Amino acid sequence: MPDRSCSKLLRALLPLLAATGCDGCPSSRPYTPYTLGSAAPSGSPPSLSGVSPGAASADAEADAGAPDAGAPRFAVVPSVPAPEGGKRWPLERGAVAAAPTGRTFETGLLVDADGDGARDLVAWARSPDGLRGELLLAPAAQPQALRTLAALPGDLDAQGCTPRVGLSQIGPSALAFDFAPQCGGAHRGANGAGATRWIAVIRLPGSAAGAGAAPELALELRLRAPPPEEALSASLEVADRDADGRDDLLVSVGLSGALHPFPAPAGAAAEVRAPLVFLDRPAGLSRDAAQPGETLRALAASLLRDARGKSTAPAVAASAVRLRRLYAALCADAAGGAGAGSGRDAARAGEALVWTGAGPVRCGEPGLAAAIDHAEAVAASTRGAPIAAFAALDRGGAEARTKEEGKLLAKLAPPATATAVYRTAAAPQPTRTGAFGPLAFEASGALLVRTAQGVVRVDPATSTESATDVPPWPAAVHAGPAELVAVERRCDAPTLLALFRSSPDAVGEMEVPLPLLRGDGPRARPERCTGTERLPFAPLAASERGFDIALGAALISIDLRAAAPAASALSFPLTTPAPQGAARSPDGATLAIPAAGGLLVATAGGAARLWSGADLAQATACAPANGGARVACVVGAAAVMFEAK
């Protein structure tokens, strides 16, 4: 196959699509893909096809795994607007089909839908508001005997939206109808998504079924709109993929764009796709259970290959985000997806955006999320970013870590056994999670402990504790008048959110989306979303500019200087000064953050080490000394100093 200048991530899809059927068989005949985008169609009625009738792009042919570039293509037949105001539709030989009471025809096709040799009318008949309607068949022999082929489901919430519809014949025996509500901001859901799109595929009986055989609804698809920064598309293609003489259906789902505040993709890597394959059986369409899981695994494997290359590793993190998003959009059993839902609208319960007539799509790929995490960790290691590698491996929790991932962790940060060398008599002042802690080292190596009565200095050389006139540092994390309050994981938000108050007297809290997906963070990925969860985080810096924080080993900067606060990934080493009580050394060059089942102690220009043992499992609010040779943490009602070997 010639190189189409697409990324390895997208090229990995092509052989998988070719493998889903008998594309090498001489009887296999591909047809023009029929593309459904999530953007508002243009024109009235809108065309659903991304190509002109009878034409097919080279990329679409490649995506379909077409075995024979010279094979004849079916010319997609688009519908036409209804004549005579939609009340009556003239048929052949002087016959006329009348719209039902309370309905008007909007768009339709003249096609032999019942195999009797005469062209029948298949038309969309809608209510005055366009938000209800049916796809009707008016047989040429009895045009008054209207038959409903498919009715718009009554539970589709499109109130306040402008409906756009399209109807086309996409193969010799298949029609596709698309109902696409176009919704403004006032009618978007809590997570920014618009109303659900509904696609119906109608199977025509063909001549073998005999004259008068009825067309039937072969497949329903629902595509819930993603957040506005992303776009969901689907191309429908009919082809005899298993050489049984029947045209099967391939639905290739693509996701492009990027959630805010992830960087927008560019070039060929801007879209990632995976197929749903439906094989035509005498009893109806049957989904091939191998897809989309097989393709998703191939895409993850492609990520891992890119992760090992110096030139390709920098792009892996962004590609990994898009692949995670496609996985969540397609698969109801994806971690953090719609696994808790059931029934017709299960996809609404979580991130899953695609639903078929048989229910949500179950991909059966429990290891896929871990494979994507692993590829991202390898890429971070390749580009010399061990903390970013830890953040990737930390998503699934230490319990689910594979032996290979354990080896990678040991390479990035060799394990070290921590030993408690001193336990203070002074009791650190209790602080909430996410506040500046009560411990801070001085440049001399002495430890300061903020207590309820004042600040106590611990001299490690003499093991003495003494009161000081050092003013207690604040626990609250302030950037000017703004205060960082919490980091939340919510079911109605695709990313983690930082919450802050703009001033002490502000009413309510402001939200800043973080460049971490909802399943990310310092805890194991939840199997299902169950409300709002506040996540532990460690403040690293605060200034008039904003906040630097760590969620596990993920380092994030929140910039408050712009009119709309924005967050971005933060590189190590940090350049901001280290305030007292932060999880940093006095010179700011060393971090001590919980990660990967231990305490990650990393120093700029030096080696990172993963400390474990002693009382570190119960330790909180840790602070390192310059150079990282010693770390102090709160354990129970005391401060404990640790060293590691």
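Residues numbered from 1 in each chain as written. Predicted model: local features only at pLDDT ≥ 70, side-chain atom pairs only at ≥ 80, totals over all residues. Heavy atoms only, no water.

Student: Explanation requested: the sheet that holds strand β31 (residues 546-551) in the structure shown.
Tutor: Backbone hydrogen bonds hold the strands of a sheet together, and the pairing may be parallel or antiparallel. Read across the sheet, four strands follow the order β30-β31-β32-β33 without closing on themselves; strand pairing throughout is antiparallel. Here the strands that pair on one side only, and so sit at the sheet edges, are β30 (538-542) and β33 (566-569). Recorded for the sheet is a direction-independent mean angle of 25° between the axes of neighbouring strands. Relative to β31, β30 is paired through four bridges, and the arrangement is antiparallel. Bridging from a neighbouring strand, A538 pairs with A550 of β31. (Pairing = 2+ DSSP bridges. Helix = DSSP H or I, 4+ residues; strand = E, 2+ residues; numbered from the N terminus. Axes fitted to C-alpha atoms, helices over the stretch in contact; angles between N-to-C directions.)

Student: Explain the packing of helix α4 (residues 293-307) against helix α5 (residues 316-330) to me, please; I cannot follow it from the model alone.
Tutor: Packed helix pairs are specified by the crossing angle of their axes together with the interaxial distance, meaning the distance between the axes. Where α4 contacts α5, the axes come no closer than 10 Å and their chain directions differ by 170°. Considering their axes alone, α4 and α5 lie roughly antiparallel with respect to each other. Residues L296, L299, A300, L303, D306 and A307 of α4 lie in contact with α5, whose contacting residues are V316, S319, A320, L323, L326 and Y327. Residue composition of the contact of α4 with α5, by class: ten nonpolar, one polar and one charged. (Parallel < 35°, antiparallel > 145°, perpendicular 65-115°, else oblique. Contact = heavy atoms within 4.5 Å. Nonpolar A, V, L, I, M, F, W, Y, C, P; charged D, E, K, R; others polar.)

Student: What should I look at first to understand the state of the cysteines in this one?
Tutor: One way to say it: the disulfide is the covalent bond shared by the sulfur atoms of two cysteines. This structure, assessed with the given rule, holds two disulfides. In this model, C331 is linked to C363 through a disulfide, with the two sulfur atoms separated by 2.0 Å. Torsion about the S-S bond of the C331 and C363 cystine: about -80°, corresponding to left-handed handedness. Taken together, the positions of C331 in the loop between α5 and β18 (354-356) and C363 in the loop between β19 (359-360) and α6 (368-382) put the pair 32 residues apart, joining distant regions of the chain. A residue is classified by how much of its surface remains accessible, and C331, at 0% relative accessible area, is buried. Across the disulfide from C622 sits C633; the S-S distance is 2.0 Å. (Disulfide = S-S within 2.5 Å. Buried < 20%, exposed > 50% of the residue type's maximum accessible area, 1.4 Å probe, protein only.)

Student: Would you take a moment to explain the nonpolar core for this structure?
Tutor: Soluble globular proteins tend to pack their nonpolar side chains together in the buried interior. Core analysis: the largest hydrophobic core is formed by 102 residues, its most contacted members being F390, L551, I558 and L600. Element by element, the count of residues in this core is highest for α6, at eight residues. Residues L156, L167, F179 and I202 belong to the second largest nonpolar core, which totals 25 residues. (Core = buried A, V, L, I, M, F, W, Y, C linked by side-chain atoms within 4.5 Å.)

Student: Even after reading the chapter, I still don't get unusual backbone geometry, so can you show me in this structure?
Tutor: The general pattern is negative phi for most residues beyond glycine and trans for most peptide bonds. Going from Q291 to P292, the amide bond is cis rather than trans, its omega being 10°. For P292, the position within the fold is in the loop between β17 (284-287) and α4. Residue P573 is reached from F572 by a cis peptide bond, and omega for that bond is 5°. Its location among the elements puts P573 in the loop between β33 and β34 (590-595). Phi is positive for R93, which is not a glycine, with a value near 60°. Unusually for a residue other than glycine, A243 sits at a positive phi of about 55°.

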